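Geometric and topological summary
Listed here are the chains, written in short residue letters.
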Amino acid sequence: MAKDKSSDFFKTTLAPESLAFRLLGTAHAVARVEEGQSLPSALASVFSHPKMDAATRGAIQDIAYLTERKLGLCEFLIEQLTRQPPSPPLLKTLLASSLALLVGENDEADLKYEPYTTVDQAVEAAASEGTLVRAKGLVNAVLRRFLREKEILLEKSNLSLTAKWNYPSWWIKETRRIYPKNWESILHVGNTAPPLTLRVNKRKTTVEGYLADLEAAGHPATAIGPYAIRLDNPLPVYRIPGFSEGLVSVQDAAAQLAAPLLELQDGMRVLDACAAPGGKSGHMLEMADIDLHALDSEPERLKKIDENLTRLQLHATIMAGDASKKNWWDGNAFDCILADVPCTASGIIRRHPDIRWLRRPEDAKELAAISARILDNLWELLKPGGKLLLATCSVWPLESEWQADAFAKRNNAARLDAPGQLFPTSDKLKDHDGLFYALFKKQ
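My aim in this report is to walk through the structure given alongside it, one point at a time. (Residues numbered from 1 in each chain as written. Predicted model: local features only at pLDDT ≥ 70, side-chain atom pairs only at ≥ 80, totals over all residues. Heavy atoms only, no water.)

1. Considerations on the sheet that holds strand E4 (residues 248-250)
Put simply, the test is: Two strands are said to pair when DSSP picks up at least two bridges between them. A run of DSSP states H or I qualifies as a helix once it reaches four residues; a run of E qualifies as a strand once it reaches two. Both are numbered from the N-terminal end. Here the axes come from fitting lines to C-alpha atoms, over the contacting stretch only for helices, and the angles between their N-to-C directions go from 0 to 180 degrees.
One open sheet holds the four strands; their spatial order is E2-E3-E1-E4, and the pairing between them is antiparallel. Lying at the two open borders of the sheet, with one neighbouring strand each, are strand E2 (221-223) and E4. Here the average twist between neighbouring strands, direction ignored, is 30°.

Here is the structure:
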């Protein structure tokens, strides 16, 4: 195995079932995010450890996502509890991961481990890592002091915007500027753990029938959309009844609105641009017998589309290509096009909490320019009378409403009814991410 940032972690003698092993793995993953890597990619590197099993992977993933949701608070606490910035960077991320566990998702009632177990295991993690062994005393002192002064420190953290809301200050200020009435709710939902929402395959079962199957299997759930079911308690996909047989797919309730909006009919020629990982492609094929072309610019992501459609026993023409160009197109126009264009993903923060720390203030403008080129190019591939659906998982108007308005003016496109901007929400019967939809018809 090539030597990399996780080399010491791969040499650890800690037992994988121990919290110390899991904290150390989390610290390595979070350190990679600090250097600019996405959390899923960082976790994939850590998960290549030869001792890793499903339970350990799940635990590390849970702690890592919790840490990213609480990172603003954890960094504030580290500043308060240390005289100088912890070094090396892995020491900081070990402290942050441990503090995230000591803070918990909401309050002490949901702590996954006893506080002193967390402290003891964090010290064990430091002692097992060559670059941290000298800092094990510091880890012990910082975490024990936090437990002694927890109430005072958490109250003090409310004076810091970043610590209170767990977002970069620019993100908080921009959200508050754009949405003066909704900003607190938007930020709050982004800090909650996301639900596991399923899309029922209408070709194979019904919402009512599948709810009965779940109840029989001891998995309580609630219908939250025409095809959407939210599980009360998330499950690994291999434990979801009927998943491998294609009865259901994992898809957020707001994302499930795309396919019905196009009002697909049998025989239509349809393009899913920017299609990976294929969730919306699968839903469109479940809705009607269409000639679907699934396009994505990243060839390595095409395999995921194929895997999803194979599980559903559905077929599409899967292609690698840049949606802002035509060199992949065969010259035959489409009846409908779904343009799920690149964006900052600011509406799905609860599913990808690392995004808030990786994005820059200028990213929305740069991505909106790319998306505008894609939309203008795709419009030329649409038949007269055809429909194009613009979809983004963003709450920034530059990528959503302003983008839609500018596109309609540039192309003389007739705008049809569509949901527009959906804010992220975690209400009992209305639980979905923050997405935007605009539907256009070619004159």
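2. A word on the packing of helix H2 (residues 19-34) against helix H3 (residues 39-46)
The test is simple: When an angle is under 35 degrees it counts as roughly parallel; over 145 it counts as roughly antiparallel; between 65 and 115 it counts as roughly perpendicular; any other value is oblique. Put simply, a crossing is left-handed when the front helix is turned counterclockwise from the back one by less than a right angle, and right-handed when it is turned clockwise. A contact between two residues is defined here by any heavy atoms of the two lying within 4.5 Å. Classes in brief: Ala, Val, Leu, Ile, Met, Phe, Trp, Tyr, Cys and Pro nonpolar; Asp, Glu, Lys and Arg charged; the others, Gly included, polar.
Between H2 and H3, the shortest axis-to-axis distance is 8 Å and the interhelical angle comes to 140°. The pairing of H2 with H3 is recorded here as oblique in orientation. You can see that H2 and H3 cross each other, and the crossing is right-handed. The residues of H3 that touch H2, namely those facing Gly25, His28, Ala29, Arg32 and Val33, are Leu39, Ala42, Leu43, Ser45 and Val46. Of the residues in the contact of H2 with H3, the class split is six nonpolar, three polar and one charged.

3. So, the packing of aromatic side chains
Just so we agree on the cut-off: Pairing of aromatic side chains requires ring centres within 6.5 Å, counting the rings of Phe and Tyr and the six-membered ring of Trp. Pairs whose planes differ by under 30 degrees are stacked, by over 60 edge-to-face, and all others tilted. Relative accessible area decides the class of each residue, using a 1.4 Å probe on protein chains only: under 20% of the type maximum gives buried, over 50% gives exposed, and in between gives partly exposed. Charge-over-ring contacts are defined here by two conditions on Lys NZ or Arg CZ: a distance within 6 Å of the ring centre and an angle within 35 degrees of the ring normal.
The full count for this structure, using the stated rule, is nine aromatic pairs. Geometrically, the ring pair formed by Tyr179 and Phe423 is edge-to-face, given 4.9 Å between the ring centres and 85° between the ring planes. Of this pair, Tyr179 sits in the loop between helix H10 (169-178) and helix H11 (183-190) while Phe423 sits in the loop between strand E10 (414-421) and strand E11 (425-427), and the two are 244 residues apart along the sequence. Each ring, one from Trp379 and one from Phe407, has its centre 5.3 Å from the other, and the planes form 90°; the classification is edge-to-face. Of this pair, Trp379 sits in helix H17 (residues 363-379) while Phe407 sits in helix H18 (residues 401-411), placing them 28 residues apart in sequence. Phe407 carries the same exposure label as Trp379, and that label is buried. Members of the aromatic cluster, joined through ring pairs, are Tyr167, Trp170, Trp171 and Trp396. Arg269 extends its terminal NZ or CZ atom over the ring of Phe334, reaching a point 4.5 Å from the ring centre.

4. Some words on empty space enclosed by the protein
Where empty space is left in the structure can be found by rolling a water-sized probe over the atoms. The condition that has to hold: Only protein atoms enter the calculation, which uses a 1 Å grid: trapped sets of points that fit a 1.4 Å probe without letting it out are cavities, open sets showing protein on both sides within 12 Å along at least five of seven lines are pockets, and any residue with an atom within 4 Å of a point is a lining residue. Grid points are joined across faces, edges and corners, and a volume is the space filled by probe spheres set on the points.
Following the criterion strictly, the structure yields two cavities of 30 Å³ or more and no others. Its boundaries defined by the atoms lining it, the largest cavity holds a volume of some 80 Å³. In terms of lining, the largest cavity is formed by 14 residues, of which the most central are Tyr167, Ile186, Ser346, Ile349 and Pro424. The set of elements that each furnish at least two residues to the lining of the largest cavity consists of H10 and H11. Looking at the lining of the largest cavity, the element that brings in the most residues is H11, giving three residues. When grouped by side-chain class, the residues that make up the lining of the largest cavity number nine nonpolar, four polar and one charged. Approximately 40 Å³ is the volume attributed to the second largest cavity. Split into classes, the residues belonging to the lining of the second largest cavity amount to five nonpolar, one polar and three charged.

Function cannot be read off these values alone, since they describe shape.
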